[in-house]
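Chain by chain, the residues run as shown.
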Amino acid sequence: DQIIAHDDLQPIKEFLTNYLQTQTVTETTCLKIIRFNPSMFKLVMDKYPEYLTDELIHIVLNFNGMLLCLMERPTLNHCLLAVQQNGLALQFIQKDITYEICYHAVKQNGLALEYVPDKYHNLELSYTAVSENSFAIKFVKPHLLTEMMMFKARCYIKYDKGTMVTIREHIL
């Protein structure tokens, strides 16, 4: 259960890069490389875009939803997959954002509420976000705050000139 440092991956990346340069690259080769090391997605995407299949993209986004930021035109399905893996991937979705995508994002990581468009802010999303991560209360619209949310966040809220501040901050 060791954590591999980013620098430890460099020899693997160099090996895979050299391997790709010496082999006849096919869709199967790209798929094998991505399965072995999903962080090679950018290399495959840049050098072999013709081999980007849905299966390959699903492997990558299941590994790290934040890799959505590398995709120019992700589908709704790609966006949903990315936020289910990491809710903060919501920040990389520029258009075609849906309530369903927002819901799954805050369900996975309450702090994703920061990236939810105003038109989707409602009680359900806010409560889901705060239930997942009490710090998400910072992104709840003032008119949606409830006693239950504040209890879940284990802090008391007051407004000082329109800014939400925890009383705990004033005490400490």
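Rules behind the numbers
Residues numbered from 1 in each chain as written. Predicted model: local features only at pLDDT ≥ 70, side-chain atom pairs only at ≥ 80, totals over all residues. Heavy atoms only, no water. Salt bridge = Lys/Arg side-chain N within 4 Å of Asp/Glu carboxyl O. Buried < 20%, exposed > 50% of the residue type's maximum accessible area, 1.4 Å probe, protein only. Helix = DSSP H or I, 4+ residues; strand = E, 2+ residues; numbered from the N terminus. Axes fitted to C-alpha atoms, helices over the stretch in contact; angles between N-to-C directions. Parallel < 35°, antiparallel > 145°, perpendicular 65-115°, else oblique. Left-handed = near helix turned anticlockwise from the far one by under 90°. Contact = heavy atoms within 4.5 Å. pLDDT = per-residue confidence, 0-100. Arc of directions from axis to C-beta. Core = buried A, V, L, I, M, F, W, Y, C linked by side-chain atoms within 4.5 Å. Phe/Tyr/Trp six-rings, centres within 6.5 Å; stacked < 30°, edge-to-face > 60°. Polar contact = N/O pair within 3.5 Å; in protein donor to acceptor, adjacent residues only side chain to side chain.

Describing the pattern of salt bridges
Phase 1 of the analysis: Using the criterion set out here, one finds 3 salt bridges in the structure.
Phase 2 of the analysis: For Glu72, the salt bridge goes to Arg73, with nearest N and O atoms at 3.6 Å. The same class applies to Glu72 and to Arg73, which are both exposed.
Phase 3 of the analysis: Among the salt bridges present, the one from Lys141 reaches Asp118, with a minimum N-O distance of 3.0 Å. Taken together, the residues span a long stretch of sequence, with Lys141 in the loop between helix H7 (123-132) and helix H8 (147-153) and Asp118 in the loop between helix H6 (99-108) and H7 at a distance of 23 residues.

As for the packing of helix H5 (residues 76-85) against H6
Phase 1 of the analysis: Look at H5 against H6: their axes get within 7 Å of each other, and the N-to-C directions meet at 15 degrees. By the angle class used here, H5 and H6 are roughly parallel. The chirality of how H5 crosses H6 is left-handed. Only Glu100, Ile101, His104, Ala105 and Gln108 of H6 make contact with H5, whose side of the interface consists of Leu76, Cys79, Leu80, Val83, Gln84 and Gln85.

Some details on the confidence of the model for the chain
Phase 1 of the analysis: When the pLDDT values of the chain are averaged, the result is 82; 83% of them are 70 or greater.
Phase 2 of the analysis: Averaged pLDDT values over the elements of the chain bottom out at 42 in helix H9 (residues 167-171) and peak at 98 in H6.

Section: helix H4 (residues 54-63)
Phase 1 of the analysis: Leu56, Ile57, Val60 and Leu61 are the residues of H4 that are buried. All buried residues of H4 lie within an arc of 125 degrees about the axis, which places them on one face of the element.
Phase 2 of the analysis: Of the surrounding secondary structure, the elements contacted by the buried residues of H4 are helix H2 (27-36), helix H3 (41-47) and H5.

Things to note about the environment of Val106
Phase 1 of the analysis: Position of Val106 among the secondary structure elements: in helix H6.
Phase 2 of the analysis: Judged by its relative accessible area of 0%, Val106 is buried.
Phase 3 of the analysis: For Val106 and Asn133, which are 27 residues apart along the polypeptide, the C-alpha to C-alpha distance reads 8.9 Å.

Let's talk about the nonpolar core
Phase 1 of the analysis: Ranked by internal contacts, the top residues of the largest apolar core, which has 49 residues, are Phe41, Val83, Leu90, Ile93, Ile101, Val116 and Val140.
Phase 2 of the analysis: Elements that contribute at least two residues to this core include exactly helix H1 (10-22), H2, H3, H4, H5, H6, H7 and H8.
Phase 3 of the analysis: Leave out the neighbours within four places in its chain, and Phe41 touches Ile34, Leu52, Leu56, Ile57, Val60, Leu67, Leu70 and Met71.

Things to note about the packing of aromatic side chains
Phase 1 of the analysis: Scanning the entire structure with this criterion turns up 2 aromatic pairs.
Phase 2 of the analysis: Ring centres 6.5 Å apart and planes at 35 degrees place the aromatic pair Tyr48 and Tyr51 in the tilted group.
Phase 3 of the analysis: Ring centres of Tyr99 and Tyr120 lie 6.0 Å apart, and the angle between their planes is 65 degrees; this geometry places the pair in the edge-to-face category. Note that Tyr99 is positioned in helix H6 and Tyr120 in the loop between H6 and H7, a separation of 21 residues in sequence.

Some words on the side chain of His121
Phase 1 of the analysis: Within the secondary structure, His121 is located in the loop between H6 and H7.
Phase 2 of the analysis: Residue class for His121 comes out buried when judged on its relative accessible area of 12%.
Phase 3 of the analysis: Looking at His121, its side chain comes within polar contact range of the main-chain oxygen of Val116, at 3.2 Å.

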